[in-house]
Amino acid sequence: MAEDGLRTGGLSSGLAVILNGGDKRESSSKSRLVSYCDEFGHQSVERTLEHIFDLPYKSIIPLTGPIDTNLICAIIKNDFVRFHRNLDTLGSNRDGLYIDRSSGSNTVAIDESSICGDIRIIKPPLLLESLGMFSSARANVCVWKGKWMYEVILETSGIQQLGWATLSCPFTDHKGVGDADDSYAFDGKRVSKWNKEAETYGQSWVSGDVIGCCIDLDNDEISFYRNGMSLGVAFHGIRKMGAGGGYYPAISLSQGERCELNFGGRPFKYPIEGFLTLQAPPSANSLATRLLRCLSRLVEMQCTERAEFNSVEKLRRLKRFVPLEELFDPVSRGICKEFFALLDAERGSMEYIGWGSLFSFMMEVFGTQTPHDYTSMDKVLDLFLEFQGSKLILEHVINALSCSCKTASLVLTECPYTGPYPYLALACHMLRREELMLLWWKSSDFEWSFEGFLSRKSPNKQDLQCMMPSVWWPGSCEDVSYESNMMLTTTALSGAISKIEEKHRDLCRLVMQFIPPTMPLQLPGSVFRTFLQNLLLKNRGADRNVPPPGVSSTSVIVSLYTVILHFLSEGFAVGDNCGWMKGCGINAESDVGFLHRGGQQTFPMGLFLKNDPHRSDISRLGGSFSHLSKSNPVTDQEAEVVRWEEGCMDDEETRVTHLTRQQPCCCSNYDVDFTRVLKDPIRHTAKGARGHCSTIPERSAHVAAECSAGTLNDEIADKPSSSDQSEPEFDYRPVQHLMIVPRESNFSTATLREEELLDAMLLLYHIGLAPNFKQASHYMSHQSQSISLLEETDKQIKERACGEQLKHLKEARSIYREEVIDCVRHCAWYRISLFSRWKQRGMYAACMWSVQLLLVLSKMDSIFCYIPEFYVEALVDCFHVLRKSDPPFVPSSLLIKQGLASFVTFVVTHFNDPRISSADLRDLLLQSISVLVQYKEFMAAFESNFAATQRMPKALLSAFDNRSWIPVTNILLRLCKGSGFGSSKHGESSSSSIVFQILLREACIDDDELFSAFLNRLFNYLSWTMTEFSVSVRDMQEKHRGIFQIIFLATPTDIFQDFRRKKC
């Protein structure tokens, strides 16, 4: 606009009212021009339209007719298009690029003839997955001059080599991009760059990262970017190529790896200045983007008028302004009419514009921070939905929102509304409209984009460094201010995670409430059930060492688990909107979470007896489903529901339920002082196992891995055995208050039940959460070890600060310090994302619920064998996670006593239950006993448990066989320690039990046959062990006779001093 049109003072000609002005970027697009007056008292609509359409001052002639849609369209077609046409002709020079059009298309894509191995497009346009051991492919475009780039969105984070290669680069089953001359690649898994040989380069990558692959043929360089941040120039002096023989985008993927390529068919997530896309944007994009900017200015003006109503109203009375509402409808409809006409004329541009300018426009209107502008967003959606073709492009916007959730990173300065939160918030608001929910559900990408919304990118080392710049731990020599800084950052990040999880629940709740218009009519929850079953189906085998192709991101599984856990533990929190969600029982109170209701519990046994596709190959306690259906068929049971009273499997005098005076831990007031925990982030894991805050002694830092894997050393499988195991009696006591009743006749099988969600949640825990907790346990253990090494090094520096030794010690200290800082950050991240208070509460309640279900069904042989193994695995792992959680959930002395006495009953009853066909699963239960009896507080729980005192002594003696003799020996040693069978190590608490020593003695005296068999096996193993040991020693002596002579002749003092010298 002309400069004289921007005066803001007085009442002279040319008065402009500009509210909340900003920088005059984009031709004053930030100015809030409400109106313009040519003369006192004469309103000029023309100047307002010039502002909206970013036209020069007085370029619109005086208007004589009414302001309607046709007039606005005429202004756009004439004035607007003519003025902006010159700007659009300043296109980029795309010389130096060649696209192979042999397929008859101008689209940049994968050249199928170049594929080596098995790479498949699993979702258009370019989402690829390798089904071969090592697969490679090139694109159908090459470049030989200029600066070019393409982007890769990582769906997995394993071995992938991304980069550029010429036609001379051979692809084989073992060699790909970067393994030959004129072939250059980056691999973030191995943090290396490849050109025949590997060199360290860049950063480790994670799923959801966007990798920019850039080639600068003007300067003969190749560089890579991670989420828009440069990793530096990777290759200098690359060979120049002639026209038509340049560098091709190329990738190599190991088996199961997935990535999505973007050559420019969609707008880049992180465009790099100066680099061009390989695929030119559609010609309609420029005009469409400018039209949306006009609409954005119009919406912004209306928001300003709303916000500044009082001042605008005063001016309006003086100047007789025409309200903006009278202009909004015709102007907005005119803009949209031309916008959708443009899309209709170039149908191929809809995806690009939907993912680009329209997506950006809607995010700008809605706002990335709170408070969001719901009013303006609703107005825009109402406007768009009036036009034909709007639903198709809005579908692209929904998919773009989903993709943004995958790639969004947490930014500390934007907490708590950071990461995927703004995209989730807009998606939830849009999908509250039934027509848009229906549109999303009908789309072919519904389940894929649903998973995208549930994605949450994990941070790598550098990300954690940005999120937690200050790190502190007890005893550290860091700046004193770091303690408070770390507390503030962890609090802020916790708030961000909480906001994201809240939006995940909102989205899942919307899907649960959605009733698709199909025949026969479906009930609420059916769509969510289908999604959940399909997700579980495709993630079968996700817990294997080499997962099958197509498995979901772990973050999706974790998010879905978290949503379901919150629903079952904390309730659905939507009033009567989810009244359809119910269980089989009579205590389905809407204001109490399913896991905390207490009283009569119910479970439909049909969940175990159905051979659904997503459960068909899941191992059951009694074996495979196909085997059980033949060997142990169940008749007329599927329509039945088992009912029992909570706590019916516990001793009456020690029973703790949700209805007793003494509440279980999940409903008691044992809140941890989280301020103290944040100020002392490693207090609970840094040292030994003296108090309840740290429940792992030094020798058992790896117990989490043992309990998760549940396997013993394979070498002991072939050890000799002198007797057969006798089958014990498993119905040690009658079950009280147990009923099997027919399911209610009016209970629809189409209704999503809370029991179904619990069943799915346990499976999600098994395949997704257990590995995460195992990783968290690794970092907590490594943190403790690293701190000890750092403290020992500091001590040595003070004691012997001299010469070369001091130099080496300082170098070692620097390494140890970096390891500690990295571990502290990772532990803080896991504490934030996994160990929030409500999650611990829900996990405890889930343990209570599932262990009681297992004990009840153990009295029903026909059903017990059909229980999936993951019920037991998830129970055991979840219990040990709570036992070692940081911050601690409750004092160790109360963990079992106040709600989980049934866990002790279950493990001692079933660690040698022949109905459990998996020896690994029985080992898992035995390992749990071995771990727990190390601690006095847990030993007391065993001593007070009726089943443990009645069954465990004899069961341990009979379980001393060729597979389990090592863990049984450990348990017996713990029980009898201090009575001539072992001594306590320094700093280790003694957990011997007089009670079990007496019971073991009585078992040996009362059952001669059992005692005799035990002694036979004991001496057999002792003999075998001593023989093996002596043979090993003899072999070592023969191979290393000289070394042994030195060792045996040296004094202990010499050995110690030599060790100290090597250590220093």
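Rules and cut-offs
Residues numbered from 1 in each chain as written. Predicted model: local features only at pLDDT ≥ 70, side-chain atom pairs only at ≥ 80, totals over all residues. Heavy atoms only, no water. Helix = DSSP H or I, 4+ residues; strand = E, 2+ residues; numbered from the N terminus. Buried < 20%, exposed > 50% of the residue type's maximum accessible area, 1.4 Å probe, protein only. Contact = heavy atoms within 4.5 Å. Areas by Shrake-Rupley, 256 points an atom, 1.4 Å probe, with all protein chains shown as cover. Expected span 1.5 Å × (residues − 1). Polar contact = N/O pair within 3.5 Å; in protein donor to acceptor, adjacent residues only side chain to side chain. pLDDT = per-residue confidence, 0-100. Disulfide = S-S within 2.5 Å. Pairing = 2+ DSSP bridges. Axes fitted to C-alpha atoms, helices over the stretch in contact; angles between N-to-C directions. Phe/Tyr/Trp six-rings, centres within 6.5 Å; stacked < 30°, edge-to-face > 60°. Parallel < 35°, antiparallel > 145°, perpendicular 65-115°, else oblique. Left-handed = near helix turned anticlockwise from the far one by under 90°. Nonpolar A, V, L, I, M, F, W, Y, C, P; charged D, E, K, R; others polar. Patch = residues over 30% accessible without salt bridge, like charges linked within 9 Å, V, L, I, M, F, W, Y side chains within 5 Å. Salt bridge = Lys/Arg side-chain N within 4 Å of Asp/Glu carboxyl O.

1. Focus: the overall build of the chain
Each helix and strand in the chain was counted, giving 36 helices and 22 strands. Among the 1064 residues that make up the chain, the fraction classed as buried is 55%. In the chain, once contacts between residues fewer than 6 apart in sequence are set aside, the share between residues at least 24 apart is 74%. Within the structure as shown, the chain displays about 45900 Å² of accessible surface, and the carbon and sulfur contribution to it stands at 51%.

2. Some thoughts on helix α31 (residues 946-958)
Taking 1.5 Å as the rise per residue, α31 with 13 residues should run 18 Å; its terminal C-alpha atoms sit 19 Å apart, in good agreement. With respect to burial, α31 is a largely interior element, 10 of its 13 residues being buried. Within α31, burial applies to Ala947, Ala948, Thr949, Arg951, Met952, Pro953, Ala955, Leu956, Leu957 and Ser958. For α31, the secondary structure elements touched by its buried residues are α28 (901-910), α29 (919-932), α30 (936-943), α32 (965-976), α33 (994-1006) and α34 (1008-1039). Capping the start of α31 is the job of one residue whose side-chain oxygen sits 3.0 Å from the backbone nitrogen of alanine 947: asparagine 945.

3. Re the confidence of the model for the chain
The predicted coordinates of low-pLDDT regions are not to be read in fine detail. For the chain, the average pLDDT comes to 83, and 80% of its residues sit at 70 or higher. For residues 1046-1053, every residue scores under 50 in pLDDT, and the model assigns this stretch 3 contacts once sequence neighbours within four places are set aside.

4. Some remarks on the state of the cysteines
Applying the stated criterion across every chain yields a total of 0 disulfides. In this model cysteine 428 remains outside any disulfide bridge; the closest cysteine sulfur is found in cysteine 508, 8.8 Å from its own.

5. What about the pairing of strand β13 (residues 197-200)?
Along a regular strand, successive side chains alternate from one face of the sheet to the other. Of the strand pairs in this sheet, strand β12 (residues 192-195) and β13 are connected by 4 bridges, and their pairing is antiparallel. Within the sheet, the bridge partner assigned to lysine 193 lies in β13 and is glutamate 199. The hairpin turn running from β12 into β13, its antiparallel successor, is 1 residue long, and lysine 196 in that turn takes a positive phi close to 70 degrees.

6. Examining the sheet that holds β13
Sheets are built from strands that pair by backbone hydrogen bonding, the pairs being arranged parallel or antiparallel. With antiparallel pairing, the 6 strands of this open sheet are ordered in space as β7-β17-β10-β11-β12-β13. Across the chains shown, the open sheet's two edge strands, defined by having one partner strand only, are β7 (134-138) and β13. Neighbour-to-neighbour, the strand axes of this sheet turn through a mean angle of 20 degrees, independent of strand direction. Across 6 bridges, the pairing between strand β10 (residues 160-165) and strand β17 (residues 248-254) is antiparallel. Bridge assignment links glycine 163 to a residue of β17, and that residue is alanine 250.

7. Considerations on α29
Between the first and last C-alpha of α29 there are 20 Å, a value that for 14 residues agrees with the 20 Å anticipated at 1.5 Å per step. α29 sits mainly inside the fold: 11 of its 14 residues count as buried. Among all positions of α29, only Leu921, Asp923, Leu924, Leu925, Leu926, Gln927, Ser928, Ile929, Ser930, Val931 and Leu932 are buried.

8. Digging into the packing of aromatic side chains
This structure, assessed with the given rule, holds 41 aromatic pairs. Judged by centre distance (5.8 Å) and plane angle (80 degrees), the ring pair of tryptophan 440 and phenylalanine 453 falls under edge-to-face. Of this pair, tryptophan 440 sits in helix α12 (residues 434-442) while phenylalanine 453 is found in helix α13 (residues 446-453), placing the two residues 13 residues apart along the sequence. Look at phenylalanine 453 and you get buried, because its relative accessible area is 0%. Cluster of aromatic residues (ring-pair linked, three or more members): Phe594, Phe603, Phe608, Trp644, Trp849, Phe870 and Tyr871.

9. Considerations on the packing of helix α22 (residues 754-799) against helix α26 (residues 869-883)
When two helices pack together, their arrangement is given by the angle between the helix axes and the distance between those axes. Between α22 and α26, the shortest axis-to-axis distance is 9 Å and the interhelical angle comes to 50 degrees. With respect to α26, the axis of α22 lies oblique. For the crossing formed where α22 meets α26, the hand is left-handed. Judged by residue contacts, Asp759, Leu762, Leu763, Tyr765, His766, Ala770 and Phe773 of α22 engage Phe870, Tyr871, Glu873, Ala874, Asp877, Cys878 and Val881 from α26. Looking at the contact of α22 with α26 residue by residue, the classes come out as 10 nonpolar, 1 polar and 3 charged.

10. Examining the environment of valine 191
Assignment of secondary structure puts valine 191 in the loop between β11 (183-187) and β12. Placed 12 residues apart in sequence, valine 191 and glutamine 203 show a C-alpha to C-alpha distance of 5.7 Å. Those residues in contact with valine 191 that lie beyond four places of it in its chain are Glu199, Thr200, Tyr201, Gly202, Gln203 and Ser204.

11. Observations concerning the pairing of strand β18 (residues 258-262)
With 5 of 5 residues buried, β18 lies mostly within the body of the structure. Burial along β18 is two-sided: Arg258, Glu260 and Asn262 and Cys259 and Leu261, pointing in opposite directions, are all buried. Alignment of strand β9 (residues 147-154) against β18, held across 4 bridges, turns out to be antiparallel. Each residue of the ladder has a partner; that of isoleucine 153, found in β18, is glutamate 260.

12. So, a nonpolar patch on the surface
Judged by side-chain polarity, Phe1019, Leu1022, Met1026 and Phe1029 come together as a nonpolar surface patch covering roughly 450 Å² of accessible area. Looking at the secondary structure, you find phenylalanine 1019 in helix α34.

13. Comments concerning the pattern of salt bridges
With the rule as written, the count across this model stands at 37 salt bridges. Note that arginine 82 is salt-bridged to aspartate 79, the shortest N-O span being 3.4 Å. Of this pair, arginine 82 and aspartate 79 both sit in helix α3 (residues 69-88), 3 residues apart, which is roughly one turn of that helix. On the basis of relative accessible area, aspartate 79 is assigned to the buried category, the value being 16%. Salt-bridge contacts for arginine 540 lead to aspartate 617; the nearest nitrogen and oxygen are separated by 3.9 Å. One end of the pair, arginine 540, is in the loop between α16 (526-538) and α17 (554-570); the other, aspartate 617, is in the loop between α18 (606-609) and α19 (625-631), with 77 residues separating them in the sequence. Here arginine 540 falls in the partly exposed class, since its relative accessible area comes to 30%. Aspartate 617 sits in the partly exposed class, given a relative accessible area of 43%. Salt bridges sharing partners connect three or more residues here, namely Asp209, Arg226, Lys457 and Asp463.

14. Comments concerning unusual backbone geometry
Look at the link from threonine 370 to proline 371: it is a cis peptide, with omega at 0 degrees. With respect to the helices and strands, proline 371 occurs in the loop between α8 (357-366) and α9 (374-384). Here cysteine 415 and proline 416 are connected by a cis peptide whose omega angle stands at 5 degrees. Topologically, proline 416 is positioned in the loop between α10 (390-407) and α11 (421-431). One non-glycine residue with positive phi stands out, namely asparagine 227, at about 55 degrees. Structurally, asparagine 227 is set in the loop between β15 (221-226) and β16 (229-236).

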